[in-house]
Amino acid sequence: MSEASPAILSVRGLCCHFGGLRAVDGLDLDVPRGGILALIGPNGAGKSTTINLLTGALRPSAGSIRLDGVELAGKAAHVVARAGMVRTFQNGRLFARLSVLENVLVGADSRLRAGLAASLLRLPGFRAEEAALVAHAGGLLGRLGMAQDAAREVGTLPYGSQRRLEIARALISRPKLLLLDEPAAGLNAAEVAELGRLILQLRQDGLSVLLIEHNMGLVMRLADHITVLNFGRRIASGTPQAVRDDPRVVEAYLGRRAADARV
Amino acid sequence: MGELAQLVVNALAVGGIYALIAMSFELAYESTGVVNFATGQLAVMGAMIGASALALLRLHGGLPVGYLATAAAMAVVGLAFFAAVFRPLRGAPPVTIVIGTIAIGMVIQNVAQLVWGPLPVAMRSPVGSGTIHLAGVALPLHAVFVIAVTVALVGVVHALLHATPLGVQMRALAQDAETALLMGIRPLRLYGMIWVLVALLAGIAGVLLAPMWFIDVTMGDTLALKAFAAAIIGGFGSIPGAVCGGVLVGLAEILGAAYVSSDYKDAFVFALMIAFLVLRPQGLFGERIGARG
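All residue numbers here refer to positions counted from 1 along the written sequence of the relevant chain. Here every chain gets a letter starting at A, and every ligand a number starting at 1, in the order they are written. Local features in this predicted model are restricted to residues whose pLDDT is 70 or higher, and side-chain atom pairs enter the listing and the counts only when it is 80 or higher, whereas totals over whole chains, interfaces and linings include all residues. The side-chain figures draw on all heavy atoms in the structure; neither hydrogens nor water molecules are used.

K.L.:
What am I meant to see in the overall build of chain B here?
P.N.:
Think of it this way: any DSSP run of H or I at least four residues long counts as a helix, any run of E at least two long counts as a strand, and we number them from the N terminus. Secondary structure summary: chain B contains 12 helices and two strands in total. The secondary structure elements of chain B, listed N-terminal to C-terminal, are α-α-α-α-β-β-α-α-α-α-α-α-α-α. Within these notes, the globule rule equals 2.2 Å times the number of residues to the 0.38 power, and the radius of gyration is based on C-alpha atoms. A compact globule built from 293 residues would reach a C-alpha radius of gyration of about 19 Å, and chain B, at 19 Å, matches this within 12%. Projected onto its principal axes, the C-alpha positions of chain B cover 60 × 50 × 35 Å. Here chain B holds 293 residues, and 51% of them are scored as buried. Partly exposed describes any residue whose relative accessible area lies between the buried limit of under 20% and the exposed limit of over 50%, with all areas from a 1.4 Å probe on protein chains only and scaled to the type maximum.

K.L.:
Would you mind showing me how to read the interface of chain B and chain A here?
P.N.:
Often, the extent of an interface is quoted as the loss of accessible area on bringing the components together. Listed per partner, the contact involves 31 residues of chain B and 31 residues of chain A. Buried area: the accessible surface (1.4 Å probe) lost by two parts on joining, summed over both. For the pair chain B and chain A, the two sides together bury roughly 3000 Å², of which 62% comes from carbon and sulfur. Only one rule defines a salt bridge in this text: a Lys or Arg side-chain nitrogen within 4 Å of an Asp or Glu carboxyl oxygen. The salt bridge involving Glu30 of chain B is made with Arg97 of chain A; its shortest N-O contact spans 3.4 Å. A 3.5 Å cut-off defines polar contacts: any pair of N or O atoms within that distance qualifies, except that in protein one atom must be a possible hydrogen donor and the other a possible acceptor, and neighbouring residues in sequence count only when both atoms are side-chain atoms. The interface formed by chain B and chain A includes nine residue pairs in polar contact (both at pLDDT 80 or more). Counting residues per element, the ones that place at least two in the side of chain B that touches chain A are helix H5 (141-163), helix H6 (165-175), helix H7 (177-182), helix H8 (187-209) and helix H12 (287-292) of chain B. Element by element, the count of residues in the side of chain B that touches chain A is highest for H6 of chain B, at eight residues. Any residue that is not Ala, Val, Leu, Ile, Met, Phe, Trp, Tyr, Cys, Pro, Asp, Glu, Lys or Arg is counted as polar, Gly included; the first ten are nonpolar and the last four charged. Classifying every residue of the side of chain B that touches chain A by side-chain character gives 17 nonpolar, six polar and eight charged. Here, two residues are considered to be in contact whenever any of their heavy atoms come within 4.5 Å of each other.

K.L.:
Help me understand the nonpolar core in this model?
P.N.:
What tends to happen in soluble globular proteins is that the nonpolar side chains get buried as a cluster. Of all hydrophobic cores here, the largest spans 138 residues; its most connected members are Leu116 and Leu165 of chain A together with Met170 and Ile215 of chain B. Broken down by element, the residue count for this core peaks at 16 residues, all from H8 of chain B. Discounting chain neighbours no more than four positions away, the residues touching Leu165 of chain A are Leu94, Val100, Asn103, Val104, Leu141, Met146, Val154 and Leu157 of chain A. Side-chain atoms within 4.5 Å link the members of a nonpolar core, which is a set of buried Ala, Val, Leu, Ile, Met, Phe, Trp, Tyr and Cys residues. Core analysis: the next-biggest nonpolar cluster, separate from the first, contains 25 residues, Leu27, Leu29, Ala45 and Leu53 of chain A among them.

What follows is the structure, encoded as structure tokens:
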């Protein structure tokens, strides 16, 4: 579509007011096409609200959200997901009573045409469609090193595998933009390094990523671009180097004194 | 010995029908959270539509066309139920939705009374009224047919829910609708399909029951109560439980009527249900409910 536009996701003037509280207040952000944007900020800065606004879980009070040129502000969650923006969750939201493979298949609705009659009667054309989906889901699990876990109950998986499974579930819909909500939270150093490699690999395949993360080492290593949020507003935006040296960012994280001391 | 075998086959057939109604009930409850008090009326609707369709279409293509037309009509009833009750009340408090299903049950019952009148309908079985002889015991062919259809339907529904991506998505929607939507699942499409399935299962139960009992338009609540007992005995929220519960209810009812007194056949069913409520309130397969968290 708008192949010329350098941003796959372009957010302008996004607002979310709960009564008098301005959780998100006129936010602008751009995720570069095929790149990684990290959205960082201290606790309570509005990151979670932002991701809920982007994915349609919350309705913005104002502003525009354009994914690949398509306006998505105020659209229902499943419409946003089908438009190509899918998220993972900070605090694990897998389907506990489904197997690992089944969890991945849940993400595949946008690619499933078989209706009730076809699924009940096991019509051959749709069986091929199902087989292709199951094969794709198995391939994704293999890529994430979880092929041997396909039939397991989700609850019995180690924590790190559960986080990777969420990524597989998001990827099966072939999204344009993957939203990762604190994917490194609770992982050990080796798992974080592994996660970093995976995210870079996904970018190499052409996927654009919006990364919300507290692990600054990971953010600095992965991000092409960083947007810093505080009190629901963008206080800085730029390359990792530029953002790290920005006194407003230091102040937001460490307080004014620390910022003065550094300047 | 022969008499007992006959009774057990009849009990399994009746139990199978209760199991189908209980499955309809469970499917609605599990995947949409709605306790559907119109389930029994849906079964009666199936019997009434089936009897009329077979009578009307006997000359035009015969039985298969009549059954297909009945299934199509029940699918429409399911969609109408979805559009009239579930969709407008989505997000309403559970009590409101329950009252909505009671209201729609009364509407169905009274419309059926206007259309079909108060007289019970009789329906011929697709396999006739003969018997088959197995190891010297004469078994009613229709009862054997009902058991076979029930087993097949349980298998088909189980395969749908566990072996197809569509069924997996239905289960995901039931477990955590919010996350399912964020993964791109189209809620109206899936809920619509679930209500079609709910109406089909209840309707098929009615069609299977009509050749065994006379069915009149007021029977819905009696059937629903038996299915409700089956659901409690099997473990609320479990489809395998609904099947086992249905069979147990059928056995209690038929064997109690034959060996003790047919005046108390309903009492045996509810005594069994109360015994389960007191001694094993989670039912036969109840551990799944606790695991839902």
